[in-house]
Amino acid sequence: MPANLPPQYYELEREFKKESDPNEKLRLAKELLAMMPKHKGTDKLQADLKAKIAKLRQQIEGGGQKHGARVADAHDHIPKEGAAQVILIGPPNSGKSSLVDVLTNSRPLIGDYPYTTREPLTGMTEFETVHIQLIDTPPISDDYFESYMPGLIRQADIVALIADTSCPAFDIPLRTIHQKLEEKRIILTESIPQQIDDPRFAYKKTIIAAHKCFEENSAECIKQLKKLYPDFIIVPTSILDDNSLRVFLAAIFKSLGVIRIYTKRVGHEPDFIDPIILPAGGNVEDAAKTLHKDFASKLQFAKVWGDGKFEGQRVKNNFVLSDKDVIEFHI
Ligand SMILES: Nc1nc2c(ncn2[C@@H]2O[C@H](COP(=O)(O)OP(=O)(O)OP(=O)(O)O)[C@@H](O)[C@H]2O)c(=O)[nH]1
Ligand SMILES: [Mg+2]
């Protein structure tokens, strides 16, 4: 039986063969497997590919460094904490570390010279009771692009692209970043397309910080930035202006497309400190499942308080919740 593979498969296979970085090779192998039609004619190919994936995993995890292959870097994956992971990327000296410094509990190295940050660093921030993980990263430039960066960007929920609007030629390093990412098949986009024609590409939802927004050149640069990125959310930010930082976090929160649900025990006040976070459109059952996997099946009904509802309205499992609703579960 013929394998009938799509032309994109052969293109990707060529790249897979050329690639020497085991992490990137592993990612390409997984993409090849995902792309392969699953039928009798591809059984052998699937098995071969699965064996290659297992071998690459072994090589990466066991540090089996052969022929100069790169050992898996400790930064290849950063476990997500909180409701979402946001990766800050940008040219050298644009202010990524300064933003992570003012917004989180982490204290990255900040310098008035480029290439200060050499390793990614995480910190937690909070927007209206929602905990969000920020990742500070080394810069991306013509001659500097850490090999773990594409992997980290692919894993993040949102990308925050930090543009240095104090610099009149701010757009040139941004173009380099797009080009470097596109070479790794990552497209920064204002919204994820409904249909992705080429599955090898990762589209990452991106918001832009027009950073250092109070400097001499900033107003003119922000105008240009808006022309260059007409559809993107652009937030002028400065570490000297708390309000701009709040707007930046609000934009991140909005981009996540999630809702906050506050829980309440019978006879108690709602817990407004630690909400359940659900994708927009989530219902009572989804909220119950986040507390315990059996909880949803035991649920008799719930009471909900919030905009557009009766106070303590009795609702069923499939009731769709809204941001900031208060819920009381009855089992
Ligand atoms: N005027 C002004 N300067 C800022 C602002 N944020 C950061 N800076 C300055 O910009 C310089 C670079 O800041 P960093 O936070 O180290 O920049 P970075 O993007 O992390 O730099 P790399 O790690 O080299 O990529 C420092 O001198 C900061 O004090 C801001 O909002 N306004
Ligand atoms: Mg830095």
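One numbering rule holds for all chains: residues counted from 1, following each sequence as written. Whichever chain is written first is A, and whichever ligand is written first is 1; the rest continue in order. It should be noted that, the model being predicted, local features are given only for residues of pLDDT at least 70 and side-chain atom pairs only at 80 or more, the latter also being counted only at that level, while totals for whole chains, interfaces and linings use all residues.

Comments concerning the overall build of the protein chain
This is how it is decided: Helical segments are the DSSP runs of H or I of at least four residues, strand segments are the runs of E of at least two, and each set is numbered from the N terminus. With C-beta atoms placed from the backbone, a residue counts as buried when 20 or more other C-beta atoms lie within 10 Å of its own, as exposed when 12 or fewer do, and as partly exposed for counts between those limits. The contact criterion used is a C-beta to C-beta distance within 7 Å, with each C-beta placed from the backbone.
A count of helices and strands for the protein chain gives ten helices and twelve strands. Taking the principal axes of the C-alpha coordinates as reference, the protein chain spans close to 65 × 65 × 35 Å. Every one of the 331 residues in the protein chain was classed for burial, and the buried ones make up 33%. Looking at the protein chain alone, contacts between residues at least 24 apart form 59% of all its contacts between residues at least 6 apart.

Some thoughts on the domain arrangement of the protein chain
Stated formally: Either an automatic procedure or a domain database provided the assignment from which the domain bounds are taken.
Its domain assignment divides the protein chain into domain 1 (7-61), domain 2 (84-256) and domain 3 (259-330). Of note, the centres of domain 1 and domain 2, computed from C-alpha atoms alone, are 31 Å apart. Facing the seven residues of domain 1 at the interface are five residues of domain 2. Secondary-structure elements contributing two or more residues to the side of domain 1 that touches domain 2 are helix 1 (7-18) and helix 2 (22-35). No other element matches helix 2, which puts four residues into the side of domain 1 that touches domain 2.

A short note on the site of ligand 1
To keep it simple, the criterion reads: Residues are counted as near a molecule or strand when the C-beta atom, derived from backbone positions, lies within 6 Å of that molecule or strand.
The full set close to ligand 1 counts 23 residues, and Ser97, Ser98, Asp112, Thr117 and Pro139 are the nearest of them. Per element, the largest residue contribution to the shell around ligand 1 is three residues, and it comes from helix 4 (residues 96-103).

Re the environment of Lys40
As for its placement among the helices and strands, Lys40 is situated in the loop between helix 2 and helix 3 (43-61). Between the C-alpha atom of Lys40 and that of Gln59, which follows or precedes it by 19 residues, the distance is 30 Å.

Brief notes about the pairing of strand 12 (residues 325-330)
Every regular strand shows the same layout, with side chains that alternate between the two sheet faces. We count it as follows: In this analysis, strands are considered paired if DSSP registers two or more bridges between them.
Judged from the three bridges that link them, strand 8 (residues 258-263) and strand 12 form a sheet pairing that is parallel. Opposite Ile261, over in strand 12, you have Asp325 as the bridge partner. Examined bridge by bridge, strand 10 (residues 301-305) and strand 12 share five bridges and lie antiparallel to one another. Bridging across to strand 12, Lys303 finds its partner in Glu328.

Here's the deal with the sheet that holds strand 11 (residues 313-315)
Basically, it comes down to this: All axes here are fitted lines through C-alpha atoms, helices being fitted over the stretch that makes contact, and every angle between N-to-C directions spans 0 to 180 degrees.
The mixed open sheet is built from five strands, whose spatial order is 9-8-12-10-11. Among the strands making up the open sheet, the edge pair consists of strand 9 (271-279) and strand 11. The mean angle between the axes of side-by-side strands here comes to 40°, regardless of whether they run parallel or antiparallel. Looking at chain direction, strand 10 and strand 11 are connected through three bridges and run antiparallel. Paired with Lys303 across the bridge in strand 11 is Arg314.

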